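Reading the structure
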Amino acid sequence: MTHFRRLGAGGLGSLLLLAACNSQPTAQQSTAGTPETATDSARTPSAAMPTSTAFGKTTDGTEARLFTLTNAKGMTVTISNYGGTITGIQVPDKNGKTGDVVLGFDEVSGYQSPAFLKSSPYFGALIGRYGNRIKGGKFSLDGKAYTLAANNGPNSLHGGKQGFDKKFWTATPARSTDGQSLTLKYLSKDGEEGYPGALDVTVVYTLTDDNGLRIDYTATTDKPTVLNLTNHAYFNLSLGQSKDVLAHEVTLPADRYTVVDATLIPTGELKPVKGTPFDFTTPHAIGERIAKVPGGYDHNWVLNKTTGQHSAATVYDPASGRTLEVTTDQPGVQFYTGNFLDGTLTGHNGTVYGKHGGFCLETQHFPDSPNQPKFPTTELKPGETYHTATTYTFGVRK
């Protein structure tokens, strides 16, 4: 399966125009809302423009900005142009009390502190060029070998030492009939972090009035390359009230997962989950069987459905009543349970982020796909357009 589409000049121009005004379709949509002009009256909170505030300065003195998206129900999402980072998501619990459900910091300095850089948790960041791991930091494409930074033991992780999570993105807030949005653009130069091709990337965050946060990723290249974009938000649906997520109940519609070696590189085996602690085809609490998984969950699940927008995960937190539904057009999802959080980071409202303090659901192609010919391809060629979309929708059960 692939999400790369070959478009003519007219088709590509139309797609990029849609991305600029946040009207690009998801895999299930053929049309999108028309952006409103600044003279349109604000009928609901979502009809107003997103707001922007200062987010502090980075270590090199660059000022970061924080953009707030708000919908008609009062849900808010804050995103920085530094790393395209989701810094906060405010949604109500079963009692109507609003709270933040993602791990993060109140200023950009938190994402550059020595403790953060040492542990590299990638809180809320856009990940690229390649989400997850590439074995030995090496791959070959069209007979040419490429070497990447080995920043995770012997392997390359999440785009290298200076991945998309550490870049400033050009940010354009907008509004449409779908909701408030933020369009982020970045041009990754040929050879950046060892990857071939100049890569033109557009990511659009849209907050819909049904409490969904949709992320549309679009990219083109001028040379053959590999690409696997995702977001690394850590969720805790009881954040501030529960120190870990072990009681959260998770469902993953996946009958198989990718077996990994000691360095978390896939062996190539797609193993059935039935009868193992990896079976989340029915709801299970994260902590129910995690002790049977050395190191905790940090694996790619092979989603059963592979076409169109489909379910990637469902999460329910009995304490807060909050729910999270994840849909995507990707073939896999990395379910990670914050195994490497160690209490050295303190974030929103003085919350100490300890082991299992959050979980990630990173929709993706499989890890190390450039070295695994039997996995769905991650190759992108000139003349093709990469487009994928994932939506995180929040709700409550009372």
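Residues numbered from 1 in each chain as written. Predicted model: local features only at pLDDT ≥ 70, side-chain atom pairs only at ≥ 80, totals over all residues. Heavy atoms only, no water.

**Observations concerning the environment of Pro367**
Examined against the element boundaries, Pro367 turns out to sit in the loop between strand 28 (360-364) and strand 29 (379-380). We classify Pro367 as buried; its relative accessible area is 2%. The residues touching Pro367, leaving out its near neighbours within four places in the chain, are Tyr130, Asn132, Arg133, Pro266, Asn300, Gln334 and Phe375. (Helix = DSSP H or I, 4+ residues; strand = E, 2+ residues; numbered from the N terminus. Buried < 20%, exposed > 50% of the residue type's maximum accessible area, 1.4 Å probe, protein only. Contact = heavy atoms within 4.5 Å.)

**Some points on the sheet that holds strand 3 (residues 63-70)**
As summarised here, the arrangement of the five strands in space is 2-3-4-5-6, forming an open sheet in which the pairing is antiparallel. Two strands bound the open sheet, and with one partner strand each, they are strand 2 (51-57) and strand 6 (98-100). Each neighbouring strand pair of the sheet contributes to a mean axis angle of 20 degrees, computed without reference to strand direction. Relative to strand 5 (residues 86-92), strand 4 (residues 76-80) runs antiparallel, the two being bridged by four bridges. Within the sheet, the bridge partner assigned to Ile79 lies in strand 5 and is Ile86. (Pairing = 2+ DSSP bridges. Axes fitted to C-alpha atoms, helices over the stretch in contact; angles between N-to-C directions.)

**What to know about the environment of Val226**
Relative to the helices and strands, Val226 is located in strand 16 (residues 225-226). The spatial distance from the C-alpha of Val226 to the C-alpha of Ser369 is 9.0 Å, given a sequence separation of 143 residues.

**A short note on the side chain of Thr323**
Topologically, Thr323 is positioned in strand 24 (residues 322-328). Not counting residues within four places of it along the chain, the set of residues in contact with Thr323 comprises Leu237, Val315, Tyr316, Thr393, Phe394, Gly395, Val396 and Arg397.

**Notes on the UniProt feature "active site" (unreviewed entry) in the protein chain**
Here, the residues flagged by UniProt with the feature "active site" (unreviewed entry) are His232 and Glu362. These annotated residues cover 131 residues of sequence, and their C-alpha atoms all fall within 6.1 Å of one another, placing them together at a single site. Looking only at the residues we just named, the largest pocket is lined by His232 and Glu362. With relative accessibility at 4%, the residue His232 sits in the buried group. On the basis of relative accessibility, which here comes to 2%, the residue Glu362 falls in the buried class. Setting aside chain neighbours within four positions, we find Glu362 in contact with His158, Thr230, Asn231, His232, Gly332, Val333, Gln334 and Tyr336. (UniProt positions renumbered as here; feature names shortened; annotations may be inferred. 1 Å grid on protein atoms, 1.4 Å probe; cavity = no way out; pocket = protein on both sides within 12 Å on 5 of 7 lines; lining within 4 Å.)

**Observations concerning the sheet that holds strand 20 (residues 266-272)**
Taken together, five strands build an open sheet; the order of strands is 20-19-22-25-28 and the sheet is antiparallel. Only two strands of the sheet have a single neighbouring strand rather than two, namely strand 20 and strand 28. Taken pair by pair, the neighbouring strands of this sheet meet at an average axis angle of 30 degrees, ignoring direction. The pairing of strand 19 (residues 256-260) with strand 22 (residues 298-302) spans two bridges and is antiparallel. Paired with Tyr257 across the strands is Trp301, a residue of strand 22.

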